[in-house]
Amino acid sequence: MAPNSVVVTIEKPDSSELKVNGLDSSVFLEKQKAVSTKQFTWVLLLKVNRIFACLSWLPMAFRAMFVSLKKRIALSDMSDEEPKNRGRLYRFIKAFLGLSIVALVIEVIAHFKNWNLNLIQPWEVQGVVQWSYMTWSAFRVDYIAPVAIILSKFCIVLFLIQSLDRLVLCLGCFWIKYKKIKPTVAADACDIEDSSTFPMVLLQIPMCNEREVYEQAIESACKMDWPRDRLLIQVLDDSDDRNLQLLIKDEVSTWNQKGVNIIYRHRLIRTGYKAGNLKSAMGCDYVKDYEFVAIFDADFQPNPDFLKLTIPHFKGNPELGLVQARWSFVNKDENLLTRLQNINLCFHFEVEQQVNGAFLNFFGFNGTAGVWRIKALEESGGWLERTTVEDMDIAVRAHLNGWKFIFLNDVRVLCELPESYETYKKQQHRWHSGPMQLFRLCLPAILTSKISMWKKSNLIFLFFLLRKLILPFYSFTLFCIILPLTMFLPEAELPLWVICYIPIFMSFLNILPSLKSFPFLVPYLLFENTMSVTKFNAMVSGLFQLGSSYEWVVTKKTGRSSESDLLALAERESLSSNEEKILRRNSESGLELLSKLKEQEVAPIPNKKKKNGIYRKELALAFLLLTASARSFLSAHGVHFYFLLFQGLSFLAVGLDLIGEQMG
């Protein structure tokens, strides 16, 4: 055999033995080692290349982000953020931010120079900066820290009380699920075969400039499964657009020709917003012939069986004044903003409304998707125009008059969520300023009413103070003011369970009714704290009756439809367009149609593009929290740093209007 030959002997199928004869094994191993070293070098070079590529990409990414933000700021609409609307809160936040930046600069210098006040004597002070640092440290220990500690303890107590209230509500919801508690209907509520046994029902659709949704709102009402001679639909149009008024009137005429008992009403004097509209409609002479009234906002699409699921609960229950259904949302997965709103509202309906309805027979009317006994409305004083929350107003007055409420968690009505932050912010301002207006007005009536002391206490301390005043107060004060302040005051540092453990636990409870939203737990927690500035500002304006508390901005709708609506739309579009136009215009003469078309040609609808806004209070708070996070980083606070950093970034995203619908 040749001296350099290699013999390979295989003993078993799954194992092999390599025999080398005449070949220097050391040379063979060195060759293997050389090859592996070469491969390792190539791997290192490849990783280094990727690192340099990443490093070269980062400046370009930051530059692109900066250019995008600069463009956003240049093109954003700041009309809603004029100085007259920002007020004292914005000036306070700016002053706090300025002081925080100055304190951070001094703290950074002290950190890198390793100044230790315990080892420095007054005569050893060198320079103005070191003197400023010593003066600031002495001043904060003697004057600021005691006040901050007292305020933080007060807010922590409020935080714990409100958390306990939420926990009790969740336990009540679990008990309802466990015991399967739900409102029942009398067996002889309605005779399906005898339409004369059905009560007379008035169905109202209040709307104002609802171009996107008026058709689907009217169609849903007209398809209600109820005897036509026992149902009257009122379309209460407060629109100020003449063309839109004609379109809505034409839609009403079309359904009227199909045999639906529907009428169109338009007020000449548009006062009192929605409350004034409903009050005017209830003043009609024919209303006395009806026993119940169902109310739906223009973006609500009730199922045809809505009245058959709600009206029977009034049978044999003369003390029942209101039956409220739950909302369901067609656009809950549209963007991050709608997902977060869905979490909040699912908790509101499934926990708050259901528990209060089951154990107290009282909750705040949601303004729509509900049925009232007309007698309960009349005895409680009817619709009043004194606040922007007319629904909560009538609910409180009806409760004081002894009427009971029922919440039906199984009956759901489709509606829309605001898709842009601007719309959502205006809605939340009205929802949080109105209750404080109402509290001022209703407090004397509550104290002098004949209801039990327990019901009075529930109304004052739980319904109004705890859930409408204390919640926005402590969430803004504790997490947006005191927490960043304590980063510069080591003596008043908040414990971890306040900023981390309890908030996460409470957010987990809030997300339980919508478990599919669990991945959004942390964004939900951060966003709720971000919205606290809007809610706090609204609460203060309502409590002290400032000008912004009387503003009513109609929530913008997009006209999104459910899957069943889209199928119905496809069927309708299968008809020829000319035939549809003829059917729609039967109620109008040729001259009326011609004048309408000429009017539309002369005054076309302006196509004004909306722009994203810049919200300066949120931006100021973003920089304040990021400044505090930098100070926390110097002190190696850990969880405090991460909380402040991510909360500051969430404020920054909201301040630049980067959440929700993006516009040009």
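Residues numbered from 1 in each chain as written. Predicted model: local features only at pLDDT ≥ 70, side-chain atom pairs only at ≥ 80, totals over all residues. Heavy atoms only, no water.

- In the annotation of an unreviewed UniProt entry, the entry for the protein chain reads Glycosyltransferase 2-like domain-containing protein, and the organism field reads Prunus armeniaca.
- Per UniProt, the protein chain has the following entry under Subcellular location (unreviewed entry): "Golgi apparatus membrane".
- One UniProt comment on the protein chain, placed under Sequence similarities (unreviewed entry), says "Belongs to the glycosyltransferase 2 family. Plant cellulose synthase-like C subfamily." (UniProt positions renumbered as here; feature names shortened; annotations may be inferred.)

Quick look at the UniProt feature "transmembrane region" (unreviewed entry) in the protein chain
Here comes step 1: With numbering aligned to this structure, UniProt lists the feature "transmembrane region" (unreviewed entry) at residues 50-69, 89-112, 143-161, 459-488, 494-512 and 618-634.
Here comes step 2: Helix makes up 100% of residues 89-112 and strand 0%, and the two end C-alpha atoms of the span are 34 Å apart.
Here comes step 3: Along residues 618-634 the backbone is 100% helical and 0% strand, and the end-to-end C-alpha distance reaches 25 Å. (Helix = DSSP H or I, 4+ residues; strand = E, 2+ residues; numbered from the N terminus.)

Thoughts on the packing of helix 18 (residues 616-634) against helix 19 (residues 639-655)
Here comes step 1: Look at helix 18 against helix 19: their axes get within 8 Å of each other, and the N-to-C directions meet at 160°. Judged by the angle between their axes, helix 18 and helix 19 are roughly antiparallel. Judged by the twist between their axes, the crossing of helix 18 over helix 19 is left-handed. Across from Glu 618, Leu 619, Leu 621, Ala 622, Phe 623, Leu 625, Leu 626, Ala 628, Ser 629, Ser 632 and Phe 633 in helix 18, the residues of helix 19 making contact are His 640, Phe 641, Leu 644, Leu 645, Gln 647, Gly 648, Leu 649, Phe 651, Leu 652, Val 654 and Gly 655.
Here comes step 2: Tallied by class, residues from the contact of helix 18 with helix 19 come to 15 nonpolar, six polar and one charged. (Axes fitted to C-alpha atoms, helices over the stretch in contact; angles between N-to-C directions. Parallel < 35°, antiparallel > 145°, perpendicular 65-115°, else oblique. Left-handed = near helix turned anticlockwise from the far one by under 90°. Contact = heavy atoms within 4.5 Å. Nonpolar A, V, L, I, M, F, W, Y, C, P; charged D, E, K, R; others polar.)

Structural notes on the pattern of salt bridges
Here comes step 1: In this structure the tally under the stated criterion is 21 salt bridges.
Here comes step 2: With a shortest N-O distance of 3.1 Å, Arg 140 and Glu 107 are connected by a salt bridge. Of this pair, Arg 140 sits in helix 3 (residues 127-179) while Glu 107 sits in helix 2 (residues 83-112); the two residues are 33 residues apart in sequence, bridging distant segments of the chain.
Here comes step 3: Assessed through its relative accessible area of 8%, Arg 140 is described here as buried.
Here comes step 4: Through salt bridges that share partners, Glu 107, Arg 140, Glu 491 and Arg 631 make up one connected network. (Salt bridge = Lys/Arg side-chain N within 4 Å of Asp/Glu carboxyl O. Buried < 20%, exposed > 50% of the residue type's maximum accessible area, 1.4 Å probe, protein only.)

As for the pairing of strand 7 (residues 320-329)
Here comes step 1: Along strand 7, 10 of the 10 residues are buried, which leaves the element largely enclosed by surrounding structure.
Here comes step 2: Here three bridges tie strand 7 to strand 8 (residues 370-373), and the two strands are oriented antiparallel to one another. Bridge pairing in strand 8 links Gln 324 to Gly 370. (Pairing = 2+ DSSP bridges.)

Comments concerning unusual backbone geometry
Here comes step 1: Not every positive phi belongs to a glycine, and Lys 180 is a case in point at roughly 55°.
Here comes step 2: You can see Lys 180 is positioned in the loop between helix 3 and strand 3 (201-207).
Here comes step 3: One non-glycine residue, Tyr 273, adopts positive backbone phi at about 55°.
Here comes step 4: Relative to the helices and strands, Tyr 273 is located in helix 6 (residues 273-282).

What about helix 5 (residues 242-257)?
Here comes step 1: Here helix 5 spans 23 Å end to end across 16 residues, near enough to the 22 Å set by a 1.5 Å rise per residue.
Here comes step 2: When we look at burial in helix 5, the residues that qualify are Asn 243, Leu 244, Gln 245, Leu 246, Ile 248, Asp 250, Glu 251, Val 252, Thr 254 and Trp 255.
Here comes step 3: Looking one or two places after helix 5, you find Gly 259, whose phi comes out positive at around 95°. (Expected span 1.5 Å × (residues − 1).)

Considering the sheet that holds strand 8
Here comes step 1: If you trace the seven strands from one edge of the open sheet to the other, you get 5-4-3-6-8-7-9, paired in mixed fashion. Lying at the two open borders of the sheet, with one neighbouring strand each, are strand 5 (262-266) and strand 9 (404-415). The mean angle between the axes of side-by-side strands here comes to 20°, regardless of whether they run parallel or antiparallel.
Here comes step 2: As defined by bridge partners, strand 3 adjoins strand 4 (residues 231-237) across seven bridges and the pair is classed as parallel. Each residue of the ladder has a partner; that of Pro 206, found in strand 4, is Leu 236.

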